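Residue-level listing of the chains:
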Amino acid sequence: MARRPIVAGNWKMNKTVGEALTLVREVRGMVSMVRDKVEVVMAPPFTALPAVAKAIEDSNIGLAAQNCFWEVSGAYTGEISAPMLAEVGCTYVIIGHSERRQHFGETDETVNRRVKAVVDSELLPIICIGETLAEREGGRTLEVVTRQLTGALSGFDGAQAARFVIAYEPVWAIGTGRNATSSQAQEVHAHIREQLTSLFDREISQQVRIQYGGSVKPDNAADLMSKPDVDGALVGGASLKAADFAAIVKAARVES
Ligand code: PEP
């Protein structure tokens, strides 16, 4: 079945509100011609979400947050809840990014709790999974992504999971300039889809979009996204430059 590719820009902890508006206005003009053939999403920092939401009104760009807490409200200083993100116009929330696993103690269990909060607020998760260099070199890549995927999806049924986005992001490729080859990406993406078939069924697994993330740039995007199980990209560094991000969006493989 044809899956609509999804290309999302993870701005991480970059851009003031003013800088965010400059970037989003540039990107908006550059990606309008893909119309609805490619789903384009931007994930600015929390502080820029309301301004970016306004700047993408009536465009083909959607809004994502980079994280959320699992409780709805309460004494959790410094946290942001899913209903707060829904209120400011988010459609997606990135959950379980490796930087959160590495620096902020995110585990498969807390990823699962956050995904539940996202779904309860009628938002959609972009669930990040991926192995470290040591895990890859130890031959444990497929085992690690299986564990992360199964943990994140615990308690969800197929109808819910079919709408989720999975981002396969090998940790050794994030921000390093060293991307996975398209064959390495395809191997893991096909494995993730097989696991989705085991957890749910083939009809569901064929609907789930699996993005590749890790040093995606204009010069490697088309090759990576040419693979049959690679349904778009989660882009970090290159999403901070309008022309680079737009070039990646335009490189997405569109099924006719
Ligand atoms: C990311 O942050 O999800 C990412 C893939 O970063 P980069 O593209 O910079 O490797």
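In this report, we go over the structure that sits alongside the text. What you see is a predicted model, and the numbers here were worked out from it, not measured in a lab.

Within this structure, the stated rule accounts for 13 salt bridges. Here D231 makes a salt bridge to R253, at a shortest N to O gap of 3.9 Å. One end of the pair, D231, is in the loop between α11 (218-225) and β8 (232-235); the other, R253, is in the segment after α12 (242-250), and 22 residues separate them in sequence. The exposure class of D231 is buried, given its relative accessible area of 3%. We classify R253 as partly exposed; its relative accessible area is 22%.

Applying the stated rule across the entire model yields one cavity of 30 Å³ or more. Here the largest cavity is characterised by a volume of approximately 40 Å³. Every residue lining the largest cavity is listed: G96, H97, S98, R101, C128, I129, G130, Q148, E169 and V171. Of all the elements in the fold, those that place two or more residues in the lining of the largest cavity are α4 (98-103) and β5 (124-129). Here the residues of the lining of the largest cavity are counted per class, giving three nonpolar, five polar and two charged.

Within the structure shown, the criterion is met by four aromatic pairs. Cluster of aromatic residues (ring-pair linked, three or more members): F69, W70 and Y76. The ring of F104 carries R100 above its face, with NZ or CZ at 4.3 Å from the centroid.

Quick notes on the rules
Residues numbered from 1 in each chain as written. Predicted model: local features only at pLDDT ≥ 70, side-chain atom pairs only at ≥ 80, totals over all residues. Heavy atoms only, no water. Salt bridge = Lys/Arg side-chain N within 4 Å of Asp/Glu carboxyl O. Helix = DSSP H or I, 4+ residues; strand = E, 2+ residues; numbered from the N terminus. Buried < 20%, exposed > 50% of the residue type's maximum accessible area, 1.4 Å probe, protein only. 1 Å grid on protein atoms, 1.4 Å probe; cavity = no way out; pocket = protein on both sides within 12 Å on 5 of 7 lines; lining within 4 Å. Points joined across faces, edges and corners; volume = space filled by probe spheres on them. Nonpolar A, V, L, I, M, F, W, Y, C, P; charged D, E, K, R; others polar. Phe/Tyr/Trp six-rings, centres within 6.5 Å; stacked < 30°, edge-to-face > 60°. Lys NZ or Arg CZ within 6 Å of the ring centre and 35° of its normal.

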